[in-house]
Amino acid sequence: MSSLVKRLMKDEKSNVREAACVAVGAVIGSASDTSSCIADVESAILRCMDPKETMEVHRAVAKGLCVAARLKPKIFVSETCLSLMDGALKLAMSGAQRVQLSFNDFLWLAFDAGKGDEGIEAYSGVANFENARTAKTLYSKVLVRIKGVEED
């Protein structure tokens, strides 16, 4: 299943890439071996997080990552997912406001911000200094104010 989704994430049509970006979250969330699944699809997800990609594809990536975070809580605050979290943090801090909001929702779920500081501390323990500092700033100024993330 992951090979099909990876292929569709490279499609020339933007709407196909969008659908695949949402679907990849379900693939990650339903995988029996989450770490190997993430390793398998990580490069395709990062390619869709490229700044040259469309805003709609970026928002679809955030939605897909939200799906995965709901299905498998706390999987993203580990060294395995560091590059995905760093990419999400970058998009949450720059770009279009709608993209920022979508990635703020993902980071809120990934850090499990509704339940305390444990997630942000776990990420800070594996991230480089600059990203940890940026994440803590975003967490304290934005994410703690989010009451909850709606399911689309």
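Anyway, here's the lowdown on the structure attached to this text. (Residues numbered from 1 in each chain as written. Predicted model: local features only at pLDDT ≥ 70, side-chain atom pairs only at ≥ 80, totals over all residues. Heavy atoms only, no water.)

1. Details of the packing of aromatic side chains
At step 1: Across all of its chains, the model carries 3 aromatic pairs by this definition.
At step 2: Ring centres of Phe 111 and Tyr 123 lie 5.6 Å apart, and the angle between their planes is 55 degrees; this geometry places the pair in the tilted category. Taken together, the residues span a long stretch of sequence, with Phe 111 in the loop between helix 6 (97-110) and helix 7 (118-126) and Tyr 123 in helix 7 at a distance of 12 residues. Of the two residues examined, Phe 111 and Tyr 123, each falls in the buried class.
At step 3: Through a chain of ring-to-ring contacts, the aromatic side chains of Phe 111, Tyr 123 and Tyr 139 assemble into a single cluster. (Phe/Tyr/Trp six-rings, centres within 6.5 Å; stacked < 30°, edge-to-face > 60°. Helix = DSSP H or I, 4+ residues; strand = E, 2+ residues; numbered from the N terminus. Buried < 20%, exposed > 50% of the residue type's maximum accessible area, 1.4 Å probe, protein only.)

2. Focus on the packing of helix 4 (residues 55-71) against helix 6
At step 1: Their axes nearest at 9 Å, the elements helix 4 and helix 6 cross at an angle of 15 degrees. Relative to helix 6, the element helix 4 is oriented roughly parallel. In terms of crossing hand, the pair formed by helix 4 and helix 6 is left-handed. Of helix 6, the residues touching helix 4 (which contributes Met 55, His 58, Arg 59, Val 61, Ala 62, Leu 65, Cys 66, Ala 69 and Arg 70) are Arg 98, Val 99, Ser 102, Phe 103, Asp 105, Phe 106, Leu 109 and Ala 110.
At step 2: A breakdown of the residues in the contact of helix 4 with helix 6 according to their chemical character gives 11 nonpolar, 2 polar and 4 charged. (Axes fitted to C-alpha atoms, helices over the stretch in contact; angles between N-to-C directions. Parallel < 35°, antiparallel > 145°, perpendicular 65-115°, else oblique. Left-handed = near helix turned anticlockwise from the far one by under 90°. Contact = heavy atoms within 4.5 Å. Nonpolar A, V, L, I, M, F, W, Y, C, P; charged D, E, K, R; others polar.)

3. Brief notes about unusual backbone geometry
At step 1: Backbone geometry at Lys 74 places phi at a positive 70 degrees, although glycine is not the residue there.
At step 2: Here Lys 74 shows up in the loop between helix 4 and helix 5 (82-93).
At step 3: Under the relative-accessibility criterion, Lys 74 is labelled partly exposed at 46%.
At step 4: Of note, the phi angle at Asp 112 is positive, near 55 degrees, even though the residue is not glycine.
At step 5: If you trace the backbone, Asp 112 turns up in the loop between helix 6 and helix 7.
At step 6: According to the relative accessible area criterion, Asp 112 is partly exposed, its value standing at 21%.

4. Remarks on the pattern of salt bridges
At step 1: Within this structure, the stated rule accounts for 5 salt bridges.
At step 2: For Lys 74, the salt bridge goes to Glu 118, with nearest N and O atoms at 3.5 Å. Here Glu 118 lies in helix 7 and Lys 74 lies in the loop between helix 4 and helix 5, a separation of 44 residues in the sequence.
At step 3: Here Glu 121 makes a salt bridge to Lys 136, at a shortest N to O gap of 3.8 Å. Residue Glu 121 is located in helix 7, and its partner Lys 136 is located in helix 8 (residues 129-141); the two are separated by 15 residues in the primary sequence. (Salt bridge = Lys/Arg side-chain N within 4 Å of Asp/Glu carboxyl O.)

5. Quick look at the state of the cysteines
At step 1: Going through the model one piece at a time under the given rule, you end up with 0 disulfides.
At step 2: As a non-bridged cysteine, Cys 66 has Cys 21 as the owner of its nearest cysteine sulfur, 13 Å distant. (Disulfide = S-S within 2.5 Å.)

6. So, the environment of Ser 43
At step 1: Inspection of the secondary structure puts Ser 43 in helix 3 (residues 34-48).
At step 2: You can call Ser 43 partly exposed: its relative accessible area is 45%.

7. Let's talk about the nonpolar core
At step 1: Core analysis: the largest hydrophobic core is formed by 52 residues, its most contacted members being Phe 76, Phe 103, Phe 106, Leu 107 and Phe 111.
At step 2: Among the elements of the structure, helix 2 (14-30), helix 3, helix 4, helix 5, helix 6, helix 7 and helix 8 are those that each provide at least two residues to this core.
At step 3: For this core, the element with the most residues is helix 4, which contributes 8 residues.
At step 4: Apart from the residues within four sequence positions on either side, Leu 107 is in contact with Met 85, Ala 88, Leu 89, Ala 92, Leu 138 and Leu 143. (Core = buried A, V, L, I, M, F, W, Y, C linked by side-chain atoms within 4.5 Å.)

8. Let's talk about helix 4
At step 1: Taking 1.5 Å per residue as the helical rise, helix 4 with its 17 residues ought to reach 24 Å, and the 25 Å between its terminal C-alpha atoms agrees with that figure.
At step 2: Every buried residue belonging to helix 4 is among Val 57, His 58, Ala 60, Val 61, Ala 62, Gly 64, Leu 65, Cys 66, Ala 68 and Ala 69, and all of these are buried.
At step 3: Close packing links the buried residues of helix 4 with helix 2, helix 3, helix 5 and helix 6. (Expected span 1.5 Å × (residues − 1).)

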